[in-house]
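Descriptive structure summary
Each chain, letter by letter, is given below.
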Amino acid sequence: MSTPRKIAAQKITPQDQPAVRTVASTQSEMTEIILPNDANTLGNLLGGRLMHFIDLTGAMAAYRHTRSHVVTAAMDHIDFIRPVHLGDLLILKSSVNRAFTSSVEVGVKVWVEKLQDGTLLHVASAYLVFVAIDKEGRPQKIPQLQPETPNEIRRFNDALRRRQHREAEAARRKQERRQQVAQPAAGS
Ligand SMILES: CC(C)(COP(=O)(O)OP(=O)(O)OC[C@H]1O[C@@H](n2cnc3c(N)ncnc32)[C@H](O)[C@@H]1OP(=O)(O)O)[C@@H](O)C(=O)NCCC(=O)NCCS
């Protein structure tokens, strides 16, 4: 009888990382059954709990792309389309839409699977930004993303538009804060 061969552990260094990754290599999925702890007094899934599941599923795609520690920098758009009920089977899918220098935009889509016939109902969608960081919390350079299908190319282009919108909004808020400091409210 032959003895099983030992497989030597492979040490992967940052130099071995591909410069480009595909969207398919980042695709991630999570399934959750909704239990009483996840629900409000009407038996509907709490919005904050759903955001937690979305954050986790998004982080999985970001992790697969960066192969690094990641932190959530922004969750800037979320649509709650229909309620999720106690006992529902929740399916979350994520993939990276675009990679920038140290950050990725991830799209997460959420469905409820009807237990009777397995049909999927779209319940929520969200976009998140994750930043790859080292152990000291410094942003890290990451591989680029190569979109392949027409849908991936559309999401890739849309992600740039959302980033520009995010940056413009952040600059507007910064300017507003500066003005508030320069002109304190009357009576204060
Ligand atoms: C996210 C974080 C690492 C960015 O650090 P920073 O010193 O501001 O870094 P930089 O300004 O150099 O930006 C680094 C990247 O983050 C992106 N970024 C920073 N703040 C962002 C925000 N609010 N929204 C989207 N992207 C953001 C930048 O666009 C940049 O992306 P790029 O390298 O791909 O161009 C830092 O703000 C942080 O640690 N935040 C807390 C994260 C966290 O704890 N999340 C969990 C929430 S409880």
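Within the protein, the regular secondary structure consists of two helices and seven strands. Written out in order from the N terminus, the α and β elements of the protein read β-β-α-β-β-β-β-β-α. Buried residues in the protein amount to 27% of all 188 residues. Counting only contacts in the protein whose residues sit at least 6 apart along the sequence, the fraction spanning at least 24 positions is 73%.

Looking now at the pairing of strand 6 (residues 120-133). In the sheet, strand 3 (residues 69-80) pairs with strand 6 via ten bridges, with the strands oriented antiparallel. Note that in strand 6 the partner of His77 across the bridge is Tyr127. Both strand 5 (residues 103-113) and strand 6 contribute to a ladder of eleven bridges, which runs antiparallel. What sits directly across from Val108, in strand 6, is Ala126. Two successive antiparallel strands, strand 5 and strand 6, enclose a turn made up of six residues, where Gly118 displays a positive phi of approximately 80°.

The next thing to look at is the nonpolar core. By size, the foremost hydrophobic cluster in this structure holds 32 residues, and its most contacted members are Ala62, Val96, Val106 and Phe130. Elements with a contribution of two residues or more to this core: helix 1 (47-66), strand 4 (89-99), strand 5 and strand 6. At nine residues, strand 6 tops the list of elements feeding residues into this core. Non-local contacts of Ala62, meaning those with residues more than four positions away in its chain, are made with Val70, Val96, Val104, Val106 and Phe130.

This brings us to the site of the ligand. Around the ligand, a shell composed of 14 residues is seen, among which Ala74, Phe100, Thr101, Ser102 and Ser103 lie nearest. For the shell around the ligand, the elements supplying multiple residues, two or more each, are strand 3 and strand 6. Of the residues in the shell around the ligand, the class split is eight nonpolar, five polar and one charged.

Turning to the confidence of the model for the protein, a few remarks are in order. Detailed reading of the predicted coordinates is not advisable wherever pLDDT falls low. Averaged over all residues, the pLDDT of the protein is 90; the fraction at 70 or higher stands at 88%. In the model of the protein, strand 3 stands out as the element of lowest mean pLDDT, 92, in contrast to strand 4, which has the highest, 98. With pLDDT under 50 throughout, residues 7-12 is counted as low confidence; its partners more than four residues away or in other chains account for zero contacts.

We now examine the sheet that holds strand 2 (residues 28-33). Spatially, the five strands line up as an open sheet ordered 2-4-5-6-3, and their pairing is antiparallel. Taken across any chain shown, the strands that pair with only one partner, and hence form the sheet edges, are strand 2 and strand 3. With direction set aside, neighbouring strand axes in the sheet form an average angle of 25°. Where strand 2 lies against strand 4, six bridges are found, and the strand directions are antiparallel. Note on strand 4: the bridge partner recorded for Met30 is Leu92. The sheet contacts of helix 1 involve strand 2, strand 3, strand 4, strand 5 and strand 6, and relative to strand 4 the element is tilted by about 45°.

Glancing now at unusual backbone geometry. Even without a glycine there, the phi angle at Arg67 is positive, about 50°. Considering the arrangement of structural elements, one finds Arg67 in the loop between helix 1 and strand 3.

Taking 1.5 Å per residue, 20 residues should reach 28 Å; helix 1 reaches 28 Å between its end C-alpha atoms and fits that length. Phi turns positive one or two residues past the end of helix 1, at Arg67, with a value near 50°.

Another point: the environment of Leu35. For Leu35, the position within the fold is in the loop between strand 2 and helix 1. Given 10 C-beta atoms within a 10 Å radius, Leu35 is considered exposed. In the structure, Leu35 is positioned ten residues away from Leu45 in sequence and 8.6 Å away in space, judged by C-alpha atoms.

Thresholds applied
- Residues numbered from 1 in each chain as written.
- Predicted model: local features only at pLDDT ≥ 70, side-chain atom pairs only at ≥ 80, totals over all residues.
- Helix = DSSP H or I, 4+ residues; strand = E, 2+ residues; numbered from the N terminus.
- Buried ≥ 20, exposed ≤ 12 C-beta atoms within 10 Å, placed from the backbone.
- Contact = placed C-beta atoms within 7 Å.
- Pairing = 2+ DSSP bridges.
- Core = buried A, V, L, I, M, F, W, Y, C linked by C-beta atoms within 7 Å.
- Near = placed C-beta within 6 Å.
- Nonpolar A, V, L, I, M, F, W, Y, C, P; charged D, E, K, R; others polar.
- pLDDT = per-residue confidence, 0-100.
- Axes fitted to C-alpha atoms, helices over the stretch in contact; angles between N-to-C directions.
- Expected span 1.5 Å × (residues − 1).

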